[in-house]
Amino acid sequence: IMDNVSVVTVFTLSGLSGIANYKITIFIFTLLCYCVIWLVNLTIIVTVIVDKKLHEPMYIFLCNLCFNGLYGTAAFYPKFLYDLLSTSHVISYAGCLLQGLMVHSSIGTDFSLLALMAYDRYVAICRPLVYHSLMTTQRVCIFVFFAWLTPFCLILMSTITTATSRLCGSHIPRIYCINWLISNLACSASVATIIIPAFNYTFYFGHAVFVFWSYVHLIKTCQSSKENWNKFMQTCVPHLFSLAVVVVSFLFDMLYMRFGSKEIPQSFENFMAMEILFIPPIINPLMYGFKLTQIRNTVLNFICGKSSAFILRS
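Rules used throughout
- Residues numbered from 1 in each chain as written.
- Predicted model: local features only at pLDDT ≥ 70, side-chain atom pairs only at ≥ 80, totals over all residues.
- Heavy atoms only, no water.
- Core = buried A, V, L, I, M, F, W, Y, C linked by side-chain atoms within 4.5 Å.
- Buried < 20%, exposed > 50% of the residue type's maximum accessible area, 1.4 Å probe, protein only.
- Helix = DSSP H or I, 4+ residues; strand = E, 2+ residues; numbered from the N terminus.
- UniProt positions renumbered as here; feature names shortened; annotations may be inferred.
- Axes fitted to C-alpha atoms, helices over the stretch in contact; angles between N-to-C directions.
- Left-handed = near helix turned anticlockwise from the far one by under 90°.
- Contact = heavy atoms within 4.5 Å.
- Nonpolar A, V, L, I, M, F, W, Y, C, P; charged D, E, K, R; others polar.
- Pairing = 2+ DSSP bridges.
- Disulfide = S-S within 2.5 Å.
- Phe/Tyr/Trp six-rings, centres within 6.5 Å; stacked < 30°, edge-to-face > 60°.
- Polar contact = N/O pair within 3.5 Å; in protein donor to acceptor, adjacent residues only side chain to side chain.

Re the nonpolar core
Here comes step 1: Counting residues in each nonpolar core, the largest one holds 80 residues, and the members touching the most others are F11, L62, I172, Y176 and I295.
Here comes step 2: Broken down by element, the residue count for this core peaks at 17 residues, all from helix 4 (residues 93-126).

Laid out in structure tokens, this is it:
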């Protein structure tokens, strides 16, 4: 795999060596999970696009959140499913960098979109008189554009820095590639591989501070009005839940990757690696689908309408 320390063309992925007897079961379960992720996210996306009543900032941000869920999981599930049916668990150098770029930028976009949703709820509840003048269609499109572009550019810089490093290893101790593990294989650490990730973490910590600040104001405002409190429970609780799921999943994975014990079973390591690409993409659309009345009613009306038409034809 590696003739010279400076030339690595293929990485080996660990994590699947001890599950030879369960590969088919895991393959079926993983494929089912991936199908569910596509079903629930695509349902929200199509519902928001088709129903013109849902062409509002909150639902546009939600639609992008679901689309981002499909983008991020596309970096992992097809390759993982292929590896489950394969005897060799390897990935090309370019494929490894691309997978890391997609996974990281998807997580970053999640944080950006959730921060935008917090801002949208803050303006809608705390400053309702200026909501429509602040959250215009043009401004929402600009927000969404930068919510996608900024994380991609930040992670691309990190990926380019990683790609220029001279590597002294080719073994990734995980079931998929991430930049941090690739940079750990570098023969020597560069200033850029330290500064760029540090800046990225600081940037998204700023997102968390902003969301916290907006919710302090939201709760203060909503406590004085029953109508506002009902609106908070209807639209902010699913957002808070989604945010908590993404943050907890990310922190669990990041902290375990850096400080986790080597004696933990491989199956648990695999779960820790997968949960950021499994829990948020399923929970987010389900939470919003059940909690937001307009989306729930639109989906139910569509299902009932199709069922009635099928019965009549029969």
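Topic: the UniProt feature "transmembrane region" (unreviewed entry) in the chain
Here comes step 1: Mapped onto the present numbering, the UniProt feature "transmembrane region" (unreviewed entry) falls at residues 24-50, 57-77, 142-163, 201-219, 240-259 and 271-290.
Here comes step 2: With 100% helix and 0% strand, residues 201-219 has its two end C-alpha atoms placed 27 Å apart.
Here comes step 3: Between the end C-alpha atoms of residues 271-290 the distance is 26 Å, and the span holds 80% helix and 0% strand.

Digging into the packing of helix 4 against helix 6 (residues 137-163)
Here comes step 1: One way to put it is that helix 4 packs onto helix 6 with a least axis distance of 8 Å and a crossing angle of 145°. Like other packed secondary-structure pairs, helix 4 and helix 6 cross with a definite hand, here right-handed. Here helix 4 contributes Y93, L97, G100, L101, H104, S105, G108, T109, S112, L113, L116 and Y119 to the contact with helix 6, which in turn contributes F143, V144, A147, W148, P151, F152, I155, L156, T159, T162 and A163.
Here comes step 2: Here the residues of the contact of helix 4 with helix 6 sort into 15 nonpolar, eight polar and no charged.

Here we look at the sheet that holds strand 2 (residues 90-92)
Here comes step 1: The strand order 2-1-3 describes an open sheet built from three strands, whose pairing is mixed. The two strands at the open ends of the sheet, each matched to only one other strand, are strand 2 and strand 3 (171-172).
Here comes step 2: In this sheet, strand 2 lies alongside strand 1 (residues 10-13) in antiparallel orientation, the contact comprising three bridges. Looking across to strand 2, one finds that V10 is bridged to S92.
Here comes step 3: Most of the contacts of helix 4 go to strand 2, to which it runs at about 90°, and overall it touches strand 1, strand 2 and strand 3.

Considering the state of the cysteines
Disulfides are covalent bonds that link the sulfur atoms of two cysteine residues.
Here comes step 1: This model, assessed by the stated rule, comprises two disulfides.
Here comes step 2: Across a sulfur-sulfur distance of 1.9 Å, C96 and C177 are joined as a disulfide pair. What sets the handedness of the C96 and C177 disulfide is the S-S torsion sign, and at about -105° it is left-handed. A residue pair is termed long-range when its members are at least 10 positions apart, and C96 in helix 4 and C177 in the loop between strand 3 and helix 7 (179-183) qualify at 81 residues.
Here comes step 3: Relative accessible area serves as the criterion here: at 0%, C96 is assigned to the buried category.
Here comes step 4: With its sulfur 1.8 Å from that of its partner, C168 forms a disulfide with C187. Handedness here is read from the sign of the S-S torsion; for C168 and C187, about 105°, the answer is right-handed. With C168 in the loop between helix 6 and strand 3 and C187 in the loop between helix 7 and helix 8 (191-223), this residue pair connects regions lying 19 residues apart in the sequence.
Here comes step 5: Note on C168: relative accessible area 42%, which makes it partly exposed.
Here comes step 6: A relative accessible area of 31% means that C187 is categorised as partly exposed.

Notes on the packing of aromatic side chains
Here comes step 1: In this structure the tally under the stated criterion is 15 aromatic pairs.
Here comes step 2: For the ring pair Y71 and W148, a centre distance of 6.0 Å and an interplane angle of 65° mean the geometry is edge-to-face. Note that Y71 is positioned in helix 2 (residues 57-74) and W148 in helix 6, a separation of 77 residues in sequence.
Here comes step 3: Residues Y119 and F143 carry aromatic rings whose centres are separated by 6.1 Å and whose planes lie at 90° to one another, so their mutual orientation is edge-to-face. Taken together, the positions of Y119 in helix 4 and F143 in helix 6 put the pair 24 residues apart, joining distant regions of the chain.
Here comes step 4: Overall, Y119 belongs to the partly exposed group, its relative accessible area being 23%.
Here comes step 5: For F143, a relative accessible area of 24% corresponds to the partly exposed category.
Here comes step 6: Chaining the aromatic ring pairs together yields one cluster made of Y34, F76, Y77, F80 and Y176.

Quick notes on the side chain of D120
Here comes step 1: Among the structural elements, D120 can be located in helix 4.
Here comes step 2: Given a relative accessible area of 0%, D120 falls into the buried group.
Here comes step 3: A polar atom in the side chain of D120 sits 2.8 Å from the side chain of R121.
Here comes step 4: Among the polar contacts listed, one links the side chain of D120 to the side chain of Y131, at a separation of 2.5 Å.
Here comes step 5: When sequence neighbours within four positions are dropped, the list of residues in contact with D120 reads P57, M58, F61, Y131 and M135.

Some details on the pairing of strand 1
Here comes step 1: Along strand 1, the buried face is formed by F11 and L13; none of V10 and T12, which line the opposite face, is buried.
Here comes step 2: In this sheet, strand 3 lies alongside strand 1 in parallel orientation, the contact comprising two bridges. Each bridged residue has a counterpart across the sheet, and for T12 the counterpart in strand 3 is H171.

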